[in-house]
Amino acid sequence: MKQNRKAGRVVDSVITHIVLIVVCFIFFFPCLWLILASFSKSGSIYSFRGFFPTEFSLDTFKKLFTDTTMYNYPKWFLNTLVIALGSCVLGSFLTVLTAYTMSRFDFKSRKTMMKTTMILGMFPSFMGMTAVYLLMTQFGLINRLWGLILIYSAGAPMGYLTQKGYFDTIPKAIDEAAKVDGATNFQIFRKINLPLSKPMLVYTALTSFAWPWSDFILPKLLLKEKDLYTVAVGLMSLDETEFARFAAGSVFIAVPIVVLYFSLVKNMISGMSAGAVKG
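Source: prediction; values computed, not measured.

Caption draft 1: View of the overall build of the chain. Tallying secondary structure elements over the chain gives 14 helices and zero strands in all. A compact globule built from 279 residues would reach a C-alpha radius of gyration of about 19 Å, whereas the chain, at 24 Å, exceeds it by more than 25%. If you line up the chain on its principal axes, its C-alpha atoms span 80 × 75 × 30 Å. Residues classed as buried in the chain amount to 35% of the 279 residues present.

Caption draft 2: Up close: the pattern of salt bridges. Per the counting criterion, the structure on display carries five salt bridges. The salt bridge partner of Asp106 is Arg110, with a shortest N-O separation of 3.9 Å. Take Asp106: its relative accessible area is 67%, and that puts it in the exposed class. Accessibility expressed as a relative area gives 15% for Arg110, which makes it buried. Taken together, the shared-partner salt bridges in this structure form one network comprising Asp67, Glu242 and Arg245.

Caption draft 3: Spotlight on the nonpolar core. Formed by 18 residues in total, the largest nonpolar core has its most connected members in Tyr73, Trp76, Trp213 and Val231. Contributions of two or more residues to this core are made by helix 2 (59-66), helix 3 (73-104), helix 10 (198-214) and helix 12 (231-236). Among the elements that take part in this core, helix 3 stands out by supplying five residues, more than any other.

Caption draft 4: Broad picture of the side chain of Gln163. Among the secondary structure elements, Gln163 is positioned in helix 7 (residues 161-168). In this structure, Gln163 is in contact with Thr95, Ala99, Met200, Tyr203 and Thr204, ignoring residues within four places of it in sequence.

Caption draft 5: Expanded view of a nonpolar patch on the surface. Taken together, Val10, Val11, Val14, Ile15, Ile18, Val19, Val22, Val23, Phe25, Ile26 and Phe27 make up a surface patch of nonpolar side chains, about 1000 Å² in accessible area. Tracing the chain through its elements places Val23 in helix 1 (residues 2-38). Judged by its relative accessible area of 37%, Val23 falls in the partly exposed class.

Caption draft 6: Highlighting the packing of aromatic side chains. The full count for this structure, using the stated rule, is 16 aromatic pairs. With a centroid separation of 5.0 Å and an interplanar angle of 75°, the aromatic rings of Phe65 and Phe252 are classed as edge-to-face. Taken together, the residues span a long stretch of sequence, with Phe65 in helix 2 and Phe252 in helix 13 (residues 243-252) at a distance of 187 residues. Judged by centre distance (5.4 Å) and plane angle (55°), the rings of Phe77 and Phe252 are tilted. A residue pair is termed long-range when its members are at least 10 positions apart, and Phe77 in helix 3 and Phe252 in helix 13 qualify at 175 residues. Assessed through its relative accessible area of 16%, Phe77 is described here as buried. For Phe252, a relative accessible area of 26% gives the class partly exposed.

Caption draft 7: Structural context of the environment of Asn193. Mapped onto the secondary structure, Asn193 falls in helix 9 (residues 185-196). Since its relative accessible area comes to 0%, Asn193 is described here as buried. Expressed as a C-alpha distance, the spacing of Asn193 and Ser38, which sit 155 residues apart in the sequence, is 46 Å. The contact partners of Asn193, leaving out residues within four places of it in the chain, are Tyr100, Arg104, Phe167, Ile170, Asp175 and Ile188.

Analysis parameters
Residues numbered from 1 in each chain as written. Predicted model: local features only at pLDDT ≥ 70, side-chain atom pairs only at ≥ 80, totals over all residues. Heavy atoms only, no water. Helix = DSSP H or I, 4+ residues; strand = E, 2+ residues; numbered from the N terminus. Rg over C-alpha atoms; globule rule 2.2 N^0.38 Å. Buried < 20%, exposed > 50% of the residue type's maximum accessible area, 1.4 Å probe, protein only. Salt bridge = Lys/Arg side-chain N within 4 Å of Asp/Glu carboxyl O. Core = buried A, V, L, I, M, F, W, Y, C linked by side-chain atoms within 4.5 Å. Contact = heavy atoms within 4.5 Å. Patch = residues over 30% accessible without salt bridge, like charges linked within 9 Å, V, L, I, M, F, W, Y side chains within 5 Å. Areas by Shrake-Rupley, 256 points an atom, 1.4 Å probe, with all protein chains shown as cover. Phe/Tyr/Trp six-rings, centres within 6.5 Å; stacked < 30°, edge-to-face > 60°.

Here it is as C-alpha cells:
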C-alpha cells in the first residue's frame, strides 16, 4: 500500500512538472523569439527562416539610438520616462491619500462614493476617450506631456480599493493611542501608518509607473507630433521593414520596469517584515 502511494506521488509530481514546463515554454517562447528577432542582421521579418532570423548582428541596437532621422527612439524613450515618472509620483500620492481617507475616516456619503467608484471601475477606460479628447482640446493640452500626466494621475485614485484594504488591516487602536499622546491626524498618517504600509506603497508606485509606461491609446490620441511620441506609439509607427528595430525597442523598453522592480522589491520584503513585527 505504501509503495503504491509513493508511486502515485512520483507520477503526480512528474506530470505536474511536465505541465509546468510546457506552460513556461508557451509563455517564454514569444519572449525568446522577440529577443532573437532584435538581433536580426537584415532587419526585415521577411528574411526569417521560420520563426528565427538567418543572420544575427548588434547593428540594430546601434541604429536604435544613433539613427534618429526618421525614428527618434531616444526622444520617445525620454518622453515615456517623463510621463511615467510624473504619473508615478503624483498618481501614487493621490491614490494613497484617497485610500487612507476612505479607510480611516467616517463621513457622510462615504459608502456611496465607494459604491460609485466600484461601478465606474467596471467600465473600460477607452469608453471615455472621446470626452477626454474634447476636454483636452478645450484646455489646450493636446501635444503636452504634462497633459498626459494629469490624466493618468487623475485616474489613478479610482483604483484605491487595494490600498484601502491594506490600510484596513492596520489596527485603528494604534491611531487612538497616538491621539491620546497628542498626535495629529497628519502625524499619525506620516509617522505610523505610512511606515507600516511600505509594501503597499511599493505596489502602488509600480502600478502607477507601469500603466503610463506601456499605454498606447491615450498617447496615440493626444500626441500628434512625432517628437512627442511615447515608445509604444513610436514603435507602432515603424515601417514593416524595420521589424528588428521594433523588436530591439520592445526589448529595451522592459529595462526600466525590471530595474524599478529589483530596486523596490527589497523595500517590499522589509516593509512586510516590519509591518508584521509592529502589528
